[in-house]
2 protein chains.
Amino acid sequence: MSNIQVNFNFTGYTLEELLQHTDVTTDVHKELEMEAREDGNFLGWLHLPSTYIKTEEYKKIKESAEKIRKDSDVLLVIGIGGSYLGARAVIEALHPTYFGPTDKKETQVIFVGNNLAPNYINDVINYVADKDFSINVISKSGTTTEPAIAFRIFKEIMYQKYDIKEARERIYVTTDAKKGALKKLADSDKYTTFVIPDNVGGRFSVLTPVGLLPIAVSGVNIDELMNGAIYAEEKYNDSLLQYNDCYQYAVLRNLYYDNGKNMEILATYEPRMHYFAEWWKQLFGESEGKENKGLFPVSVEFTTDLHSLGQYIQEGQRIMFETVLNFAKTETDITIRPDEDNLDNLNYLAGKKLSYVNQKAMEGTVTAHADGGVPNIIINIRELNAKNIGELIYFFEKACATSAKLLEVDPFNQPGVEKYKTNMFKLLKKPGYEDK
Amino acid sequence: MSNIQVNFNFTGYTLEELLQHTDVTTDVHKELEMEAREDGNFLGWLHLPSTYIKTEEYKKIKESAEKIRKDSDVLLVIGIGGSYLGARAVIEALHPTYFGPTDKKETQVIFVGNNLAPNYINDVINYVADKDFSINVISKSGTTTEPAIAFRIFKEIMYQKYDIKEARERIYVTTDAKKGALKKLADSDKYTTFVIPDNVGGRFSVLTPVGLLPIAVSGVNIDELMNGAIYAEEKYNDSLLQYNDCYQYAVLRNLYYDNGKNMEILATYEPRMHYFAEWWKQLFGESEGKENKGLFPVSVEFTTDLHSLGQYIQEGQRIMFETVLNFAKTETDITIRPDEDNLDNLNYLAGKKLSYVNQKAMEGTVTAHADGGVPNIIINIRELNAKNIGELIYFFEKACATSAKLLEVDPFNQPGVEKYKTNMFKLLKKPGYEDK
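Not measured: the values here are computed from a predicted model.

1. Remarks on the relation of the copies chain B and chain A
Next, step 1: For the pair chain B and chain A, the relating rotation is 180 degrees, the translation along its axis is 0.0 Å, and the fit reaches an RMSD of 0.0 Å. Taken together, the rotation and translation describe the operation of a two-fold axis. Using C-alpha coordinates, one finds that chain B approaches the rotation axis most closely at B:G100, a distance of 2.4 Å.
Next, step 2: The share of interface residues of chain B whose copies in chain A are also at the interface is 100%, consistent with both copies meeting through the same surface.

Shown next as structure tokens:
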């Protein structure tokens, strides 16, 4: 049995209907493979897992992570967009929900430089004041406004707290191999550096040093994560739609789009997956949302949001379909106990596992929404662990590239992101932007 | 100058165009006032702030909050939907972003019973194991599955940890005045009780004991919060559209809806407002998402999400408008320092406040999105504090009721929420549901 499998029961389509699109997905498959072999494209992620794990840099990530885990209470990860969402997604998916420190001594990973909010940055400054910390700054150019400002601030704090030698040893730079402001600074100040490959865009970069260093620092076994991705690299390399769940998902979402749906809702029943959904939203939103096209990506956490957006999904405008991440097994469980008085009427559940109740809530919701005109794609995942998260990341990356190709947009650019920046620079009177 | 004010500059409409809808909003105004005077309606929230603050129960909330703040490290708030989102929204808006304990000794408010996820509940169990805690369980009936299961679990832990007298004193019940499972239990076990008014629905209940007790425990000054709401109750009681920003917002969103927009994106530039946006999503989604109608509510946090959903908003399908919460002043600030080397090219910002940069990012984004075909309603708020959050809550509650009336749906029911429950109960073989 497969670790990850797409279930068609509530999609409104049969596999046979889907297979009519076999030729077009085979063409996209060939196109992706061909582009991956050429220079100047952004398909470096396609066959990266199986090769990257053998590199010296991969070893260096593990060594640096060990050092940070030993000498730091906190790792500050400075990055925005693809330079933070992937790491945060994996770290939160594979750790207990954080309420505060526990007995287990772990290095806490805190993300900063992904906004311009003074309160947030001051909250981080106050929090690390009495703690040992390291910095991992992640930026291709080193001049992106949000991370650059945060790095200025926290670099200064670092140099005030530690002597120059130690400060330099506590700064880890993930950037371009050769050029850019951050590379130049790293060379002159002798920071440890890691490379953002030229042919991997930000939102596809979680399985490069961009994501792997923070993930390893958090205590996740990155070998298992990479092994899941390597498994997926092989498994989803089947050119035939019939055998490729990843392509089937890509076709399904385009069929809904062609039939007038304009948003896809990713639903999870596991709160730890909150940031995985945020990562997924960037991946699909930035890859497809262009030329006035694309499905708008939304996420919900059930059953929580069944008492919020659930009403709309059940009975509002019929403009969406749902994709449900369903984990068959949970790491921990709870058995519901009987109660003598049974005032809450829950004794019918006595002896049942909570995971069972959550599963039935999922099944009941899928049928309720499908009956209400919202088709559901269920993605069954055997268990929430590092290996399966690695597979799931690759699954969605490849599905996204395929889906964007089917939509006939470039999956790897993001021209619209520049527009707010240009306006902002003009308002801020940045040299060169005064008269734009 | 007003604390809260709707800015029309990027809406695509002028005030004059809006004022053509004066008669219809005046009618809705009269209808809401009339319904509020009749029994059996859900308009209790309309004139509640000014009367509730004078009650004995309001005093009792403050007394209970003081006791909990003295004897508890953690308050577990057990509730789902409207029984948790309002409190969480206000608490997170008015506190530093939480990374872990600080020197300031505060009672930590943790929300549970809003999902069926075993990992989450076990994470809470482990976290409170070595801490003194109290429980505030919030449920009209006492039999809603998610909170009822959580209350069974944590009540048992409470009775194991403390002797029966102390355990009973640590449980606070917010429920119906007379009937229901929770009321019955509270009476027999002598728990402290607070009343959920019959004429206030869950999503309109944050300024009742439902929200006020947890909010007071967190250390927020609830007098200020209520004073903001009382001010709003007076200010937004003007029947004339011309003078009522709340009605103007309601009309604007319906104009967009009538012109084919099908989602509203609430954008904030302050991470502390994350759960406020979640509260807003329930308020509007449940009130309007019915009869195949309504705007789907979405939220984004900028500038973070400008590097995620920003691309789609700028260039994807033109199906949305944005409502921007703009705080003119931040609690704290940071001055950007000059750097000798200036490798990051940030010296043009040296001496500038970060709040200024964030403000210019907002202005640049609003014009970029408006130019790209996404109209923007800016809601200017003078400052993020308890009083203004109180006003903003009332502003959105009244705007929501008005907007739903303009859309010709019942703002106060949520028939669709039952459907997943019925299916789930059938699958779980709950007595009475076996053959539904």
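Having put the structure on the table, let's press on.
2. As for the pattern of salt bridges
Next, step 1: For the structure shown, the criterion picks out 63 salt bridges over all chains.
Next, step 2: A salt bridge links A:D223 to A:K62; the nearest nitrogen and oxygen atoms lie 2.8 Å apart. In this pair, A:D223 sits in helix α11 (residues 222-235) while A:K62 sits in helix α4 (residues 56-71), placing the two residues 161 residues apart along the sequence.
Next, step 3: The partly exposed category is assigned to A:K62, whose relative accessible area is 32%.
Next, step 4: B:E106 is the partner of B:R69 in a salt bridge, and the nearest nitrogen-oxygen pair spans 2.9 Å. In this pair, B:R69 sits in helix α4 (residues 56-71) while B:E106 sits in the loop between α5 (85-93) and β3 (108-112), placing the two residues 37 residues apart along the sequence.
Next, step 5: The network of salt bridges with shared partners includes A:K67, A:D71, A:D132, A:E166 and A:R170.

3. Comments concerning the environment of B:V137
Residue and element names in this part refer to chain B.
Next, step 1: Assignment of secondary structure puts V137 in strand β4 (residues 133-138).
Next, step 2: Here the alpha-carbon distance between V137 and G79, two residues 58 residues apart in the chain, equals 6.3 Å.
Next, step 3: Apart from residues lying up to four places away in sequence, V137 is in contact with I78, F151, Y172, V173, T174 and L182.

4. Digging into the nonpolar core
Next, step 1: Core analysis: the biggest nonpolar cluster contains 126 residues, and A:F154, A:F296, B:F154 and B:F296 have the highest contact counts within it.
Next, step 2: Not counting the four nearest positions on each side in its chain, A:F296 is found in contact with A:N262, A:M263, A:E264, B:M263, B:I265, B:V298, B:L309, B:Y312, B:I313 and B:M320.
Next, step 3: Counting 91 residues, the second largest nonpolar core, distinct from the first, contains B:V90, B:A229, B:A250 and B:L407.

5. A look at the packing of α11(A) against helix α16 (residues 386-407) of chain A
Residue and element names in this part refer to chain A.
Next, step 1: Look at α11 against α16: their axes get within 6 Å of each other, and the N-to-C directions meet at 45 degrees. The pairing of α11 with α16 is recorded here as oblique in orientation. Like other packed secondary-structure pairs, α11 and α16 cross with a definite hand, here right-handed. On α16, the residues touching E224, L225, G228, A229, Y231, A232, E233 and K235 of α11 are A386, K387, I389, G390, E391 and Y394.

6. Structural notes on the interface of chain B and chain A
Next, step 1: On the side of chain A, 123 residues touch chain B, which itself brings 123 residues to the contact.
Next, step 2: Overall, the association of chain B and chain A removes approximately 10400 Å² of surface from exposure, summing both partners, and the carbon and sulfur fraction of that is 62%.
Next, step 3: The tally of links between chain B and chain A comes to 58 residue pairs in polar contact (both at pLDDT 80 or more).
Next, step 4: The biggest single contributor to the side of chain B that touches chain A is helix α15 (residues 354-371) of chain B, with 12 residues.
Next, step 5: Among the residues making up the side of chain B that touches chain A, the classes are represented as 56 nonpolar, 39 polar and 28 charged.

7. Topic: the packing of helix α13 (residues 274-288) of chain B against helix α16 (residues 386-406) of chain B
All names here are of chain B.
Next, step 1: Here α13 crosses α16 at 20 degrees, and the two axes come no closer than 9 Å. Between α13 and α16, the angle is such that the two are roughly parallel. The crossing of α13 and α16 is right-handed. On α16, the residues touching F276, W279, W280, L283, F284, S287 and E288 of α13 are I389, L392, I393, F396, E397, A399, C400, S403 and A404.
Next, step 2: By residue class, the composition of the contact of α13 with α16 is 12 nonpolar, two polar and two charged.

8. Concerning the packing of aromatic side chains
Next, step 1: Under the definition given, this model contains 46 aromatic pairs over all chains.
Next, step 2: Taken together, a centroid distance of 5.4 Å and an interplanar angle of 75 degrees make the contact between A:Y236 and A:F395 edge-to-face. You can see A:Y236 sitting in the loop between α11 and α12 (245-258) and its partner A:F395 sitting in helix α16, a full 159 residues away along the chain.
Next, step 3: Of the residues examined, A:Y236 reaches a relative accessible area of 1% and is grouped as buried.
Next, step 4: Owing to a relative accessible area of 0%, A:F395 belongs among the buried residues under this scheme.
Next, step 5: Ring geometry for B:Y52 against B:Y58: centres 6.0 Å apart, planes inclined by 85 degrees, an arrangement best described as edge-to-face. One exposure class covers both B:Y52 and B:Y58, and it is buried.

9. Focus on the environment of B:K62
Next, step 1: Distance in space between the C-alpha atoms of B:K62 and B:D130 is 26 Å, their sequence separation being 68 residues.
Next, step 2: Apart from the residues within four sequence positions on either side, B:K62 is in contact with B:I222 and B:D223.

10. Quick word on empty space enclosed by the protein
Next, step 1: A full pass over the atoms with the stated rule returns six cavities of 30 Å³ or more.
Next, step 2: Its volume calculated, the largest cavity comes out at about 150 Å³.
Next, step 3: Lining the largest cavity are 16 residues; nearest its centre among them are A:D344, B:G142, B:F151, B:L182 and B:L185.
Next, step 4: Secondary-structure elements contributing two or more residues to the lining of the largest cavity are α7 (145-161) and α9 (181-189) of chain B.
Next, step 5: The element that contributes the greatest number of residues to the lining of the largest cavity is α7(B), accounting for five residues.
Next, step 6: Class assignment of the residues belonging to the lining of the largest cavity gives a composition of eight nonpolar, three polar and five charged.
Next, step 7: Considering only enclosed or pocket space, the second largest cavity measures out at about 70 Å³ in volume.
Next, step 8: As for the second largest cavity, its lining consists of A:K281, A:F296, A:P297, A:V298, A:S299, A:L309, B:K281, B:F296, B:P297, B:V298, B:S299 and B:L309.

11. Notes on α9(B)
All names here are of chain B.
Next, step 1: Three or more residues of α9 are buried, namely A181, L182, K183, L185, A186 and D189.
Next, step 2: Where α9 is buried, its residues meet β4, α7, α8 (164-169), β5 (171-175) and β6 (192-195).
Next, step 3: Once α9 finishes, K190 follows within two positions and takes phi at roughly 60 degrees, a positive value.

12. Here's the deal with the side chain of B:T22
Residue and element names in this part refer to chain B.
Next, step 1: Here T22 lies in helix α2 (residues 22-37).
Next, step 2: Given a relative accessible area of 17%, T22 falls into the buried group.
Next, step 3: Among the polar contacts listed, one links the side chain of T22 to the backbone oxygen of L19, at a separation of 2.6 Å.
Next, step 4: Ignoring anything within four residues of it in the chain, the contact list for T22 reads L240 and L241.

Reading guide: rules and limits
- Residues numbered from 1 in each chain as written.
- Chains lettered and ligands numbered in written order.
- Predicted model: local features only at pLDDT ≥ 70, side-chain atom pairs only at ≥ 80, totals over all residues.
- Heavy atoms only, no water.
- Least-squares fit on C-alpha atoms with pLDDT ≥ 70 in both.
- Contact = heavy atoms within 4.5 Å.
- Salt bridge = Lys/Arg side-chain N within 4 Å of Asp/Glu carboxyl O.
- Helix = DSSP H or I, 4+ residues; strand = E, 2+ residues; numbered from the N terminus.
- Buried < 20%, exposed > 50% of the residue type's maximum accessible area, 1.4 Å probe, protein only.
- Core = buried A, V, L, I, M, F, W, Y, C linked by side-chain atoms within 4.5 Å.
- Axes fitted to C-alpha atoms, helices over the stretch in contact; angles between N-to-C directions.
- Parallel < 35°, antiparallel > 145°, perpendicular 65-115°, else oblique.
- Left-handed = near helix turned anticlockwise from the far one by under 90°.
- Buried area = accessible area lost by both parts, 1.4 Å probe.
- Polar contact = N/O pair within 3.5 Å; in protein donor to acceptor, adjacent residues only side chain to side chain.
- Nonpolar A, V, L, I, M, F, W, Y, C, P; charged D, E, K, R; others polar.
- Phe/Tyr/Trp six-rings, centres within 6.5 Å; stacked < 30°, edge-to-face > 60°.
- 1 Å grid on protein atoms, 1.4 Å probe; cavity = no way out; pocket = protein on both sides within 12 Å on 5 of 7 lines; lining within 4 Å.
- Points joined across faces, edges and corners; volume = space filled by probe spheres on them.

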